[in-house]
Amino acid sequence: MKFRFVVGTLLALSLVAGCSRSAADEPYRIVNNEIVFAEPPRAEGQHDVLQLRCDPIPVVRVAFIGLGMRGSGAVERFTHLDGVEIVALCDKVPAYVERAQRILAVNGLPAALEFTGEEDWRKVCELENVDLIYNCTDWEMHVPIALYAMERGRHVAVEVPAAMTVKDCWALVDAAERTQRHCMMLENCCYDFFEMATLNMARAGLFGEIVHVEGAYIHDLRALQFDRGDGYVGMWRLKHNTVHTGNPYPTHGLGPLCQLLDIHRGDRMERLVSMSSGQFGMSAYAARKYGPESPEAETPYALGDMNTTLIRTAKGKSILIQHDVTSPRPYNRHHTISGTKGFAQKYPVPTLAFDPDAHRPLAKDRMEELLQRYEHPITQEIGEKAREVGGHGGMDFIMDYRLIYCLRNGLPLDQDVYDAAEWSSVAEMSEVSVRHGGLPVVMPDFTRGAWNRIEGFRHAQAE
Ligand SMILES: NC(=O)c1ccc[n+]([C@@H]2O[C@H](COP(=O)([O-])OP(=O)(O)OC[C@H]3O[C@@H](n4cnc5c(N)ncnc54)[C@H](O)[C@@H]3O)[C@@H](O)[C@H]2O)c1
């Protein structure tokens, strides 16, 4: 399937112009040299969804919307889960629906209902026999589909980031509260083996008081972004990066760190500052791939190659988050934990170090022994099967397994709508900080004052 690249210089400039807002529409104000995002009051009669429990669903009936690279993988993984029924498949590209049907057939499952029109996602959300909408569309479609689905009584799982603006994050929070439906962002990196083990170590006190953490999404996506045919459908990621800067994809790094720091379960992110390098890598790559006079090479991309965002929490912890998808360098999510008693880091080389010898990393065999001893009960339970099924080494399957387990048992989900909003909102807040020369941003409290009510992050378990 061929998709023509349409973002030339003129289009890019018109998109940039289309993005500017009048002062009256700005979602934030600048007060005493700080950018302050509004916290809209909760509507009367609306209640929070912290620790939301809904009726158990013995067999979760799922509809998938968005069957591209990520969605087709999700369908495949779901064929290995108990207690689910795949009811409907939807993508605006008919060939992707056919591909997903083949995945069901190969795994001996009945064909699902098919939807292929650009607006068919509405019909899918309206299906009475669907409990869960699993949304793997591109960034622009996450929120419209999630809102429509919740308003029709469906639970929603939505790919990362759940939303690209603070206003849309509030829309998700309000819809979840109004409808009392689950809205979980599919932050799979929370379920990777090292992340789960270090969470367990943190709970056991091995790091002491965690003071500083670092995360990242450093992943060379140039080939995929600049693929005119087989990359992201309609080149949506490149189009976004043409007009936006900051960190558009903060959640892979942030998710596991926020669980470690008990964000909105005893602490909260209060302020961020953000700075981006200039843009060099995309233009250089485009000129090499398509020639210096190609529309791709002439487009003035807004996204800086490297973005670094620093966040400070109410309890005085600091978080560093980076984003770089346009440089030739090894994949890296950092996952660095620095506490009063110890240290862990996943990339580039898994490392553990503890008092009193923390200036020297633990020897490899000692580290592996410790990682095994502190393996998280959830990866102990499902890790082997997850490795067989796959999906980023198994973490994707563990995420799906937990989502379905919690829905089947009527438990709070591991990630609630406030996580989705807090982690995703860094996309716009980092951009605004960058565009204002690194001014601090006062981050909104999406729980509207309840961030200290729950004591610590926990994975819910059935009795
Ligand atoms: N968690 C992870 O590790 C991970 C990895 C990759 C991508 N993602 C996320 O997954 C999402 C999808 O990414 P991808 O790489 O699969 O991109 P993709 O372009 O391959 O897939 C997006 C799909 O959505 C479909 N779509 C768009 N609008 C639609 C509409 N109106 N109706 C029906 N279908 C529609 C497209 O046709 C396409 O098939 C993105 O949000 C991305 O950030 C997450």
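You'll find the structure just up there.
This one's a predicted model, so the numbers in the text were calculated from it and none came from an experiment. (Residues numbered from 1 in each chain as written. Predicted model: local features only at pLDDT ≥ 70, side-chain atom pairs only at ≥ 80, totals over all residues.)

Participant: I tried to follow the overall build of the protein on my own but got confused; where do I start?
Facilitator: Check the secondary structure of the protein and you find 17 helices and 16 strands. For 463 residues, the compact-globule estimate of 2.2 N^0.38 gives 23 Å, and the C-alpha radius of gyration of the protein, at 22 Å, lies within 12% of that figure. In terms of principal-axis extent, the alpha carbons of the protein reach across some 60 × 55 × 50 Å. Every one of the 463 residues in the protein was classed for burial, and the buried ones make up 47%. Pairs at least 24 residues apart make up 77% of the contacts formed inside the protein by residues separated by at least 6 positions. (Helix = DSSP H or I, 4+ residues; strand = E, 2+ residues; numbered from the N terminus. Rg over C-alpha atoms; globule rule 2.2 N^0.38 Å. Buried ≥ 20, exposed ≤ 12 C-beta atoms within 10 Å, placed from the backbone. Contact = placed C-beta atoms within 7 Å.)

Participant: Even after reading the chapter, I still don't get the site of the ligand, so can you show me in this structure?
Facilitator: Taken together, the neighbourhood of the ligand is formed by 25 residues, with G66, G68, R70, E159 and V233 sitting nearest. Taken together, the elements giving at least two residues each to the shell around the ligand come down to α2 (69-78) and α5 (139-151). Broken down by element, the shell around the ligand gets its largest block of residues, 3 residues, from α2. Here the residues of the shell around the ligand are counted per class, giving 14 nonpolar, 5 polar and 6 charged. (Near = placed C-beta within 6 Å. Nonpolar A, V, L, I, M, F, W, Y, C, P; charged D, E, K, R; others polar.)

Participant: Would you mind showing me how to read the sheet that holds strand β12 (residues 318-324) here?
Facilitator: Strands pair in a sheet through their backbones, by hydrogen bonds, and they do so in one of two ways: parallel or antiparallel. With respect to topology, 10 strands assemble into an open sheet ordered β1-β2-β16-β10-β11-β12-β9-β13-β14-β15, the strand pairing being mixed. Looking at strand neighbours, the two that pair on one side only are β1 (28-31) and β15 (351-354), the edges of this open sheet. As paired strands, strand β2 (residues 34-37) and strand β16 (residues 441-442) are joined by 2 bridges and run parallel to one another. From the neighbouring strand, I35 faces β16, where its bridge partner is V441. (Pairing = 2+ DSSP bridges.)

Participant: What's the story with the packing of helix α6 (residues 166-179) against helix α16 (residues 417-424) in this structure? I'm lost.
Facilitator: One way to put it is that α6 packs onto α16 with a least axis distance of 9 Å and a crossing angle of 175°. By the criterion of interaxial angle, the relationship of α6 to α16 is roughly antiparallel. Residues C169, L172, V173 and A176 of α6 lie in contact with α16, whose contacting residues are V417, Y418, A420, A421 and S424. Residues of the contact of α6 with α16, tallied by class, amount to 8 nonpolar, 1 polar and no charged. (Axes fitted to C-alpha atoms, helices over the stretch in contact; angles between N-to-C directions. Parallel < 35°, antiparallel > 145°, perpendicular 65-115°, else oblique.)

Participant: Mind showing me how you'd approach the sheet that holds strand β5 (residues 113-115) here?
Facilitator: The parallel open sheet is built from 6 strands, whose spatial order is β5-β4-β3-β6-β7-β8. A single partner strand is all that each edge strand has here, and the edge strands are β5 and β8 (183-185). Here the strands of the sheet are splayed against their neighbours by 20° on average, with no regard to which way each runs. Pairing between strand β4 (residues 84-90) and β5: 3 bridges, direction parallel. Across the sheet, the residue bridging to L89 is E114, located in β5. Contacting β3 (60-65), β4 and β6 (132-135), α2 runs over the sheet at an angle of about 160° to β3. In the packing of helix α15 (residues 395-408) onto the sheet, the strands contacted are β3, β4, β6, β7 (155-158) and β8, and the crossing angle to β3 comes to about 140°.

Participant: When you look at helix α11 (residues 281-290) in this model, what are you seeing that I'm missing?
Facilitator: Note: α-helices contain 3.6 residues per turn, so residues at a spacing of three or four share the same orientation. Where α11 is concerned, the buried positions are G281, M282, Y285 and A286. In an axial view of α11, the angular spread of the buried residues amounts to 120°, which keeps them on one side of the axis. Tucked into the core, α11 has its buried residues touching α8 (222-225) and α12 (295-298). Among the residues trailing α11, G291 stands out with phi positive, at a value near 100°. (Arc of directions from axis to C-beta.)

Participant: What exactly am I supposed to notice about the pairing of β6 here?
Facilitator: Each regular strand shows side chains that alternate between the opposite faces of the sheet. The two faces of β6 match: L132 and Y134 on one face and I133 and N135 on the other face are all buried. Looking at chain direction, β3 and β6 are connected through 4 bridges and run parallel. Its bridge partner lying in β6, A63 is registered against I133. Bridge count for β6 against β7 is 4 bridges, and the pairing is parallel. Within the sheet, the bridge partner assigned to L132 lies in β7 and is H155. Considered for its hand, the β-α-β crossover made up of β6, α5 and β7 is right-handed. (Right-handed = clockwise from strand over helix to strand, strands pointing away.)

Participant: Just checking my understanding: could you explain the packing of helix α14 (residues 377-389) against α15 for this structure?
Facilitator: Packed helix pairs are specified by the crossing angle of their axes together with the interaxial distance, meaning the distance between the axes. The interhelical angle for the contact between α14 and α15, taken along N-to-C directions, is 125°, at an axis separation of 8 Å. For the element pair α14 / α15, the angle class is oblique. Crossing hand, α14 versus α15: right-handed. Taking contact as the criterion, the partners of I378, T379, I382, A386 and V389 in α14 are, on α15, F397, I398, Y401 and R402. Of the residues in the contact of α14 with α15, the class split is 7 nonpolar, 1 polar and 1 charged. (Left-handed = near helix turned anticlockwise from the far one by under 90°.)

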